[in-house]
Amino acid sequence: MCLFMACCHFIRLASQSTFLCEKTLLSAKVSVRVILPIKVYPNNNLHTYKCDFYLGGDLVLRSFKNILCVLVAFFLVTIGIMCLWTRIRDENFSEKQVMLAAAALTMPNGSVDGASVKNKVHNSQKQTENNNKALPVIKTKASAVFSENPSIYADEAHYPVLETTYSNGEFGFNNFFVKNTTGYEFDIGRYLNRSLGFDFEKSNKVQVLIVHTHTTESYLTYDAGFYHESFHSRSEDPEKNMVRVGEALRQGLEAQGIGVVHATEVHDSPQYDGAYYRSYDTIEKYLKMYPDIKVVLDLHRDSIGYGSEGGKVKPTFTANGKKAAQIMIMAGYDPDGYYDFPFWQDNLTFALKIQDTAENMYPGMTRPLYFGNFAYNMNVNNGSLLIEVGTDANTLEEAVYTGELLSNVLSKVLQSG
């Protein structure tokens, strides 16, 4: 900040100096004498020729301004490099991480986080079974889903919520679709016939980790076909944000005998940028605490639509006569090792099996699977996925119900291999 203010002060002084010098320079003249010694043939005698040039005041002024601009530009570039170096030095980023942070990565909903990919590979050799036995799963009590009566927002402007069910993608297989932005063509059937890239044990060991990079993402708390003007789709309250959805998933998995731990740490508040770096550190912490973890699920919620008069979109489906939020599973792609993600095909296999099973159990549950050139911390192990549960226009109740249904889907996939 001090460097920024000093820079602004320098520019102001430079501008004032230019203005004060302008009148003087306009009346100034600079004379230049050029002396040219030339031999003249045929006698080869040496003659000297003199030429006088005069530069008017306007040309002098332009030269002075050009020099001043160069100096200011050099000063600004130097300050920028110093600031960038200070940030990089303090964070201890690798060269690749610096490049990613500078370029930034864009989420499917358009949000930007320069730290979307942290290129580390989990070292499985550090795992010990003794650590797993020493740390039991922390269980929490089930709670009712928070809801509101929309009439309390009657005095505010209302904007439309557009309800739909997404079912089409770039290419499909049986009853589901895939959105492939990689250019890599693959046979879905062949991937579905592959085994999971990890061995899931039938035991009470903790083998599933639920985490939330954008923990404070939240939902509407009523279903009225609109949202109110002051609606803010972020909440620090774990009963209203992604933690509540994660709890529904955790409870459902535990009820079916699957050991799971739910990381409820907040990674996107008070600072949003860098959330993926912070959630990566959380994931690494839990992998060390529970070395038998095979599956890491990062639960998010999406955002679709322009807002205001343009409205927001809520993707839904119906299961057992009850409305729920559609999910979008994301699977990364890394053919050249740029993200340190050598097992991306295992993750893709896992994602496709979940997609296929979900549509067989609950038709309409999934939006097209998003297969793209990214990692988003899915490079921590070969059972790691990012799943978007609905959008900010879905209700919390719909998202929580989806969490319950997702536990049934995951249980079937994991226990069948």
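Residues numbered from 1 in each chain as written. Predicted model: local features only at pLDDT ≥ 70, side-chain atom pairs only at ≥ 80, totals over all residues. Heavy atoms only, no water.

To continue, consider the pattern of salt bridges. A complete count under the given rule lists 15 salt bridges for this structure. The shortest N-O distance in the salt bridge between Arg194 and Asp346 comes to 2.9 Å. Pair noted here: Arg194 is in the loop between α5 (188-192) and β8 (206-211) and Asp346 is in helix α8 (residues 344-361), with a separation of 152 residues, a long-range link. On the accessibility criterion, Asp346 (16% relative accessible area) is buried. In this structure, Arg250 and Glu247 form a salt bridge, with 2.9 Å as the shortest nitrogen-oxygen distance. Residue Arg250 and its partner Glu247 are both found in helix α6 (residues 242-255); the two are separated by 3 residues, about one turn of the helix. Taken as a pair, Arg250 and Glu247 share a single burial class, namely buried. (Salt bridge = Lys/Arg side-chain N within 4 Å of Asp/Glu carboxyl O. Helix = DSSP H or I, 4+ residues; strand = E, 2+ residues; numbered from the N terminus. Buried < 20%, exposed > 50% of the residue type's maximum accessible area, 1.4 Å probe, protein only.)

So, about unusual backbone geometry. Pro270 follows Ser269 through a cis peptide bond whose omega is 10°. Along the polypeptide, Pro270 turns up in the loop between β10 (259-262) and α7 (275-289). Positive phi is not limited to glycine here, since Asn174 has a value of about 55°. Even without a glycine there, the phi angle at Tyr376 is positive, about 45°. With respect to the secondary-structure elements, Tyr376 resides in the loop between β15 (369-372) and β16 (384-391).

Our next topic: the pairing of strand β5 (residues 158-164). Of the pairings in the sheet, the one linking β5 to strand β9 (residues 226-228) comprises 3 bridges and is antiparallel in character. Following the sheet pairing, His158 is matched in β9 by His228. Note: β5 against strand β12 (residues 312-319), 4 bridges, orientation parallel. Bridge assignment links Val161 to a residue of β12, and that residue is Lys312. (Pairing = 2+ DSSP bridges.)

Pairing is mixed across the open sheet formed by 8 strands, whose spatial order is β6-β7-β15-β14-β16-β11-β8-β10. Each edge of the open sheet carries a strand with a single partner, namely β6 (171-173) and β10. Recorded for the sheet is a direction-independent mean angle of 25° between the axes of neighbouring strands. Pairing analysis gives 4 bridges linking β8 to strand β11 (residues 295-302), with the strands arranged parallel. Its bridge partner lying in β11, Val211 is registered against Asp298. (Axes fitted to C-alpha atoms, helices over the stretch in contact; angles between N-to-C directions.)

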